[in-house]
Amino acid sequence: MDPRRSWGAMALLCLLVPGGHPVPCRVSISPEEPTVEFGTSLLLNCTSSCRNYSRLNWEVSITKTGTQGPGWVSLNISNVTDWSLELQCFGIFGEQRDIATTTLRAYRFSPPQISLEGAAVAGKEARVTCNASAQVPPPGPPNLRLTLRGGGLPTSTHQGPSVGLPFTARPEQHGREVTCEAVLQLGRRTVNASATTVLWVWAAPRDVRVRAPRTVFTTGDNLTVTCRAEGNPSPRFRWELPTNTSRELRDGGATVAIAAAQRAHSGTYRCLAENRYGASAASIDILFQGSSRSPLIPVVVTLAVVAVLVILAISWWLYRSRGWKPMPE
């Protein structure tokens, strides 16, 4: 028997399943569907199911570099500059030859970017948009899906390079995060990227409140009236007062302070809160009553006491200096 034919027969029967049926020797490529970002490197392996091969190698149109070991040989592509590249790995087992093929596909993928069109003002329409870009081998367009979520907005998903979401801005959305997730489908593989931004919602002044310790005071009391309001940017305050006499503004104009207030300070204290997006106002009525004792009473009493003392002093002086005596009855 020809030894060469015996060796070929042995190669074909190198792997047996139960029952003695031969299983042909095969080669396979890993990963099966190689995808890589354009301009980067990739390492592939060709593996044989049998060890009795006479040759195991790659057949490609580029310069080959790599290493090999028992039952395998690698292919290292240091700079992928082809959008699509056919790859072949072959193994020779005696008279049998097995070939595995695959296609290397490159892609470009730019991470998503979120933008807010114009200023988001509470109570007005605004729009948030997410854009991403991808490039894949022809013929089809990239299988790209974008999803916007968060920030108190409804989730929006779109197949394509852009997704936009109109909404009515609300003050409570200020400072909340919006996320855009981009998913590029490359055969069985997916590539993900995401971006996050913070909503900045401008708002006219609202919830204006004017407060004082009480609304009825006694003449001579100290008075403080304070104004508070919500808004973005923080509101400025202006006051309309019954009188500007003896008043002092504190806390950046948010508080009016009056020492020893009089009846002229009775009336309406109106606070106007304003910023570049609007204004709002609130007010409080303050009443000053007379003191429980008239301020004239102490003066009259004092004058009466002084008059009595003066009369007594004069009478005593006349008595001592002139010998004056009162007439008998």
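Residues numbered from 1 in each chain as written. Predicted model: local features only at pLDDT ≥ 70, side-chain atom pairs only at ≥ 80, totals over all residues. Heavy atoms only, no water.

Naming follows an unreviewed UniProt entry, where the protein chain appears as ICAM3 protein of Mesembrinibis cayennensis.

Peer 1: Explain the overall build of the protein chain to me, please; I cannot follow it from the model alone.
Peer 2: Helices and strands together make up the secondary structure of the protein chain, namely 2 helices and 23 strands. Taking as baseline every contact in the protein chain between residues at least 6 positions apart, the subset at least 24 positions apart corresponds to 59%. Of the accessible surface of the protein chain, which amounts to about 20000 Å², a share of 53% is contributed by carbon and sulfur atoms. (Helix = DSSP H or I, 4+ residues; strand = E, 2+ residues; numbered from the N terminus. Contact = heavy atoms within 4.5 Å. Areas by Shrake-Rupley, 256 points an atom, 1.4 Å probe, with all protein chains shown as cover.)

Peer 1: Help me understand the sheet that holds strand S22 (residues 267-275) in this model?
Peer 2: Strand pairs in the sheet, formed through backbone hydrogen bonds, run parallel or antiparallel to each other. The 4 strands lie next to each other as S17-S23-S22-S19, forming an open sheet whose pairing is mixed. On the outer flanks of this sheet lie strand S17 (216-218) and strand S19 (236-240), each paired with one strand and no other. Across the sheet, the mean angle separating the axes of adjacent strands is 30° when strand polarity is ignored. Across 5 bridges, S19 lies against S22 in antiparallel orientation. Of the residues in S22, the one forming a bridge with Arg-238 is Leu-272. (Pairing = 2+ DSSP bridges. Axes fitted to C-alpha atoms, helices over the stretch in contact; angles between N-to-C directions.)

Peer 1: Mind showing me how you'd approach the state of the cysteines here?
Peer 2: Here, the word disulfide means a covalent bond between the sulfur atoms of two cysteines. One pass over the structure, following the stated rule, counts 4 disulfides. Here Cys-46 engages in a disulfide with Cys-89; their sulfurs sit 1.4 Å apart. The sign of the -70° torsion about the S-S bond sets the Cys-46-Cys-89 disulfide as left-handed. In this pair, Cys-46 is assigned in strand S3 (residues 42-48) and Cys-89 in strand S7 (residues 84-93), connecting sequence segments 43 residues apart. The same class applies to Cys-46 and to Cys-89, which are both buried. Sulfur-sulfur distance for the disulfide between Cys-227 and Cys-271 comes to 2.0 Å. (Disulfide = S-S within 2.5 Å. Buried < 20%, exposed > 50% of the residue type's maximum accessible area, 1.4 Å probe, protein only.)

Peer 1: Which parts of the structure should I look at to understand the packing of aromatic side chains?
Peer 2: Remark: the centre distance and the inter-plane angle together describe each pair of aromatic rings, the angle taken between the planes. This model, assessed by the stated rule, comprises 4 aromatic pairs. Each ring, one from Trp-200 and one from Trp-202, has its centre 5.8 Å from the other, and the planes form 65°; the classification is edge-to-face. On the basis of relative accessibility, which here comes to 22%, the residue Trp-202 falls in the partly exposed class. Linked through ring pairs, Trp-200, Trp-202 and Tyr-277 together constitute an aromatic cluster. One cation-aromatic arrangement involves Arg-97 over Phe-90; the distance from NZ or CZ to the ring centre is 4.4 Å. (Phe/Tyr/Trp six-rings, centres within 6.5 Å; stacked < 30°, edge-to-face > 60°. Lys NZ or Arg CZ within 6 Å of the ring centre and 35° of its normal.)

Peer 1: So what exactly am I meant to see when it comes to the pattern of salt bridges here?
Peer 2: When charged atoms on two side chains of opposite charge get close, those side chains can pair. Considering all chains together, one arrives at 11 salt bridges under this definition. Across the pair Glu-117 and Arg-127 runs a salt bridge whose closest N-O atoms are separated by 3.7 Å. Of this pair, Glu-117 sits in strand S8 (residues 96-117) while Arg-127 sits in strand S10 (residues 125-135), and the two are 10 residues apart along the sequence. Between Glu-240 and Arg-270 there is a salt bridge, with the nearest N and O atoms lying 3.2 Å from each other. Placement of the pair is Glu-240 in strand S19 and Arg-270 in strand S22, with a sequence separation of 30 residues. Taking relative accessible area as the criterion, Glu-240 reaches 45% and is therefore assigned partly exposed. One network of salt bridges, with partners in common, ties together Glu-32, Glu-33 and Arg-188. (Salt bridge = Lys/Arg side-chain N within 4 Å of Asp/Glu carboxyl O.)

Peer 1: How should I be thinking about the confidence of the model for the protein chain in this particular structure?
Peer 2: Low pLDDT marks stretches whose predicted atomic positions should not be read closely. Looking at the protein chain, the pLDDT average stands at 87 and 86% of residues meet or exceed 70. Every residue in residues 1-17 is under pLDDT 50, and counting partners more than four places away or in other chains gives 22 contacts. (pLDDT = per-residue confidence, 0-100.)

Peer 1: Sorry if this is basic, but what is going on with the sheet that holds strand S5 (residues 68-69) here?
Peer 2: Spatial strand order, S1-S3-S6-S5: 4 strands in an open sheet with antiparallel pairing. For this open sheet the edge positions go to strand S1 (27-30) and S5, each flanked by a neighbour on one side alone. Summarising the sheet, S3 and strand S6 (residues 72-77) pair through 6 bridges and their orientation is antiparallel. Paired with Leu-42 across the bridge in S6 is Ile-77.

Peer 1: I keep staring at unusual backbone geometry and nothing clicks. Help me out?
Peer 2: Trans peptide bonds make up most of the peptide bonds, and negative phi angles are found at most residues other than glycine. For the bond running from Ser-30 to Pro-31, omega is 0°, close enough to zero to count as cis. Turning to its location among the elements, Pro-31 is positioned in the loop between S1 and strand S2 (35-37).

Peer 1: How should I be thinking about the layout of surface pockets in this particular structure?
Peer 2: Over the atoms, a rolled probe matching the size of one water molecule traces out where space is still vacant. In this structure, the largest pocket occupies an estimated 240 Å³ of space. As for the largest pocket, its lining consists of 15 residues, of which Thr-35, Arg-105, Gln-185, Leu-186 and Gly-187 are closest to the centre. Counting only elements with at least two residues in the lining of the largest pocket, the list comes to S8 and strand S14 (177-186). Broken down by element, the lining of the largest pocket gets its largest block of residues, 4 residues, from S8. Residue composition of the lining of the largest pocket, grouped by class: 8 nonpolar, 5 polar and 2 charged. Here the lining of the largest pocket gathers at least three residues from each of two domains, domain 1 (27-107) and domain 2 (110-199). (1 Å grid on protein atoms, 1.4 Å probe; cavity = no way out; pocket = protein on both sides within 12 Å on 5 of 7 lines; lining within 4 Å. Points joined across faces, edges and corners; volume = space filled by probe spheres on them. Nonpolar A, V, L, I, M, F, W, Y, C, P; charged D, E, K, R; others polar. Domains from an automatic or database assignment.)

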